[in-house]
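Close look at the chain arrangement
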Amino acid sequence: MSATEMNGKELSKKIRTELAGEVLQLKQNGVTPHLTVIIVGDDPASQSYVRGKEKASAEVGMSSDIIALPSSTSEQDLLGQIDRLNKHDSVHGILVQLPLPDHINEQHVIESISPEKDVDGFHPVNIGKMMTGNSTFLPCTPYGIITMLKAHDVRMEGKHVVVAGRSNIVGKPVGQLLLNENATVTYCHSKTENLTDYTKEADILILAMGRANVIRGEHVKNGAVIVDVGINRLEDGTLTGDADFASTAAKASKITPVPRGVGPMTITMLLKNTIKAARGLSAVGK
Ligand code: NAD
C-alpha cells in the first residue's frame, strides 16, 4: 500500500477561506474578532509561533496584538495583564504562549484566563466540557487532527486508535476527542513497555512523542491511518516527525507529512476558536 497524504496546509487554506468569509460577516455587524497573544521571554521558537499566529489572523481579516513581556515578569504582573484583558470587551481571545519561565506557574496562568476567551482550550472548565462532550473551545492541535480526519473521510467509530504521548495539550485531549467519536482508544507514553506491540495494532495511530523517526514501517499495521504530530529538528536543520515517513507511508493508507501536516491545522483551529469567541458562542452558558 502507498499512503494518501493528508496535507494540512492545503486543508487549512480551504478552511481559512471560509473563515475569512465569516470574519467579513461579523465585521459587517460591527464586530472584528480580536486575538491577544502574550509572550513572556525571548525563546526564538515561541517568537516564531507567535508571529505565525499574528500573520494567520491578519490573513483572515481578524485583528490581533502581541504583548511581549520580559522573562523577568512576575507571575502577579502576568495575572494582572490577563485580568485586564478578561475585562476588555473588544478582546475575544487570549492566548498565553507556552512554555513560561520556570518562576511562573503555568496552571495558575491557564486558570486565570476567562473560559469564554480561552481560545487555546486549556482552561479546566473547557477541558471538563470536552470530556463530557459538550460544546466548548477544543484544544487547537487535537481539534485540527479530528477536523483533518473528518475531511479525509476517516472512519473513527469502532476503530482502534493508539495515541503515543499523553501531554495535556496533545495526547490526552486527542484521545478524548477520538473517544467522543466512538473510537476505542489506547494511550501509550514514556513508561509504556514495548510501545511497538501497540502501534502495530492501531487502525489509527496518533504520534505525539517528539521522538524523531522512531516509528518505522514494521511498527504499523497495513492500511493504518497515521497522524504524525511530532515536530523534531534534526542536526542538519531539517524537520521530521515521529514516524519514518518513507517506510510508514509505504504501509499506511493515509498519513500526514511533517511539515505541512498537523502544524498548519493547529493555527487554523485557533482562528476558528477566536471567531467563535467573537460570536459569543463560547463554552460557558451557551
Ligand atoms: P510533551 O513532551 O509534553 O509530551 C511527550 C509525550 O510523549 C509524553 O506524554 C511522553 O510520555 C511521551 N513519550 C516520550 N517518549 C516516548 C517514548 N519513547 N515512547 C512512548 N511515549 C513517549 O510533548 P507535546 O507538547 O505533547 O508535543 C509532542 C510533539 O508534538 C512534539 O514533537 C511537539 O513539537 C509536537 N507538537 C506539534 C504541534 C503541531 O501543531 N503540529 C503542536 C504541539 C506539539
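Look above for the structure.
Along each chain, residue indices are assigned from 1 in the same order as the chain's sequence is written. Whole-chain, interface and lining totals are the exception, using all residues; otherwise, since this is a predicted model, local features are given only for residues with pLDDT of at least 70 and side-chain atom pairs are given and counted only at 80 or more. Excluding hydrogens and water, the side-chain figures rest on all heavy atoms present in the structure.

1. Description of a nonpolar patch on the surface
The criterion, for reference: Nonpolar side chains (Val, Leu, Ile, Met, Phe, Trp, Tyr) are joined into patches within 5 Å and like charges within 9 Å, using only residues with over 30% relative accessible area and no salt bridge. Note on areas: these come from Shrake-Rupley sampling with a 1.4 Å probe, and a residue is covered only by the protein chains present in the view. Should a side-chain nitrogen of Lys or Arg be within 4 Å of a carboxyl oxygen of Asp or Glu, the pair is scored as a salt bridge. Secondary structure counts use DSSP, requiring at least four H or I residues in a row for a helix and at least two E residues in a row for a strand, with both numbered from the N terminus. Per-residue accessibility, obtained with a 1.4 Å probe over protein chains only, is compared with the maximum for each type, and a residue is labelled buried under 20%, exposed over 50%, and partly exposed between these values.
The grouping of Tyr49, Ile231 and Leu239 at the surface amounts to a nonpolar patch, some 280 Å² of accessible area in total. Mapped onto the elements, isoleucine 231 comes out in the loop between strand 8 (225–228) and strand 9 (232–233). Exposure remark for isoleucine 231: the relative accessible area of 51% places this residue in the exposed category.

2. Re the environment of glutamate 75
Counted only if it meets this: Contact criterion: two residues are considered in contact whenever any of their non-hydrogen atoms come within 4.5 Å of each other. Here a polar contact is taken to be a pair of N or O atoms separated by no more than 3.5 Å, where protein atoms must pair a possible hydrogen donor with a possible acceptor and residues adjacent in sequence count only if both atoms sit in side chains.
Note that glutamate 75 resides in helix 3 (residues 75–87). Here the alpha-carbon distance between glutamate 75 and isoleucine 104, two residues 29 residues apart in the chain, equals 5.1 Å. Among all residues touching glutamate 75, those that are not within four sequence positions of it are His103, Ile104, Asn105 and His108. At 2.6 Å, the side chain of glutamate 75 and the side chain of histidine 108 are in polar contact.

3. Re the packing of helix 2 (residues 44–59) against helix 10 (residues 262–279)
Two quantities define a packed helix pair, namely the angle between the helix axes and the distance between the axes. Rules: Lines are fitted to the C-alpha atoms to define the axes, a helix being fitted only along its stretch in contact, and any angle between axes, read from their N-to-C directions, falls within 0 to 180 degrees. Throughout this description, any angle smaller than 35 degrees is read as roughly parallel, any larger than 145 degrees as roughly antiparallel, any in the 65 to 115 degree range as roughly perpendicular, and the remainder as oblique. Should the near helix be turned counterclockwise from the far one by less than a right angle, the crossing is left-handed, whereas a clockwise turn marks it as right-handed.
The interhelical angle for the contact between helix 2 and helix 10, taken along N-to-C directions, is 55°, at an axis separation of 10 Å. Here helix 2 is positioned oblique relative to helix 10, judged by the angle of their axes. As for the relative orientation of helix 2 and helix 10, their crossing is right-handed in sense. Listed contacts from helix 10 to Gly52, Lys53, Ala56 and Ser57 of helix 2 are Ile267, Leu270 and Leu271.

4. Here we look at the nonpolar core
Across soluble globular proteins, nonpolar side chains have a tendency to be buried as a group. Applied cut-off: By nonpolar core we mean a set of buried residues, namely Ala, Val, Leu, Ile, Met, Phe, Trp, Tyr and Cys, connected to one another through side-chain atoms within 4.5 Å. Note that the domain bounds reflect an automated or database-derived domain assignment.
Counting 48 residues, the largest nonpolar core has Ile145, Leu149, Leu178, Ile206, Val227 and Val229 as its most contacted members. Looking at this core, the element that brings in the most residues is helix 10, giving nine residues. Taken domain by domain, this core gets at least three of its residues from each of domain 1 (29–114) and domain 2 (140–263). Filtering out sequence-adjacent residues up to four positions away, valine 227 remains in contact with Met6, Ile145, Leu149, Leu205, Ile206, Leu207, Thr256 and Val262. Among the nonpolar cores identified, the runner-up in size contains 15 residues, and Ala164, Ile215, Ala249 and Ala252 belong to it.

5. Considerations on the pattern of salt bridges
This model, assessed by the stated rule, comprises seven salt bridges. Notably, a salt bridge pairs arginine 16 with glutamate 59, separated by 3.8 Å at the nearest N-O pair. With a gap of 43 residues between them, arginine 16 in helix 1 (residues 8–28) and glutamate 59 in helix 2 connect regions that are remote in the sequence. Note on arginine 16: relative accessible area 16%, which makes it buried. Across the pair glutamate 181 and lysine 150 runs a salt bridge whose closest N-O atoms are separated by 3.0 Å. On the criterion of sequence distance, the pair formed by glutamate 181 in the loop between helix 7 (171–180) and strand 6 (184–188) and lysine 150 in helix 6 (residues 140–151) is long-range, its members being 31 residues apart. A relative accessible area of 24% means that glutamate 181 is categorised as partly exposed. In this structure lysine 150 comes out as partly exposed when scored by relative accessible area, which is 45%. If you follow the salt bridges from partner to partner, you end up with Arg16, Lys55 and Glu59 in one network.

Structural measurements only, silent on function.
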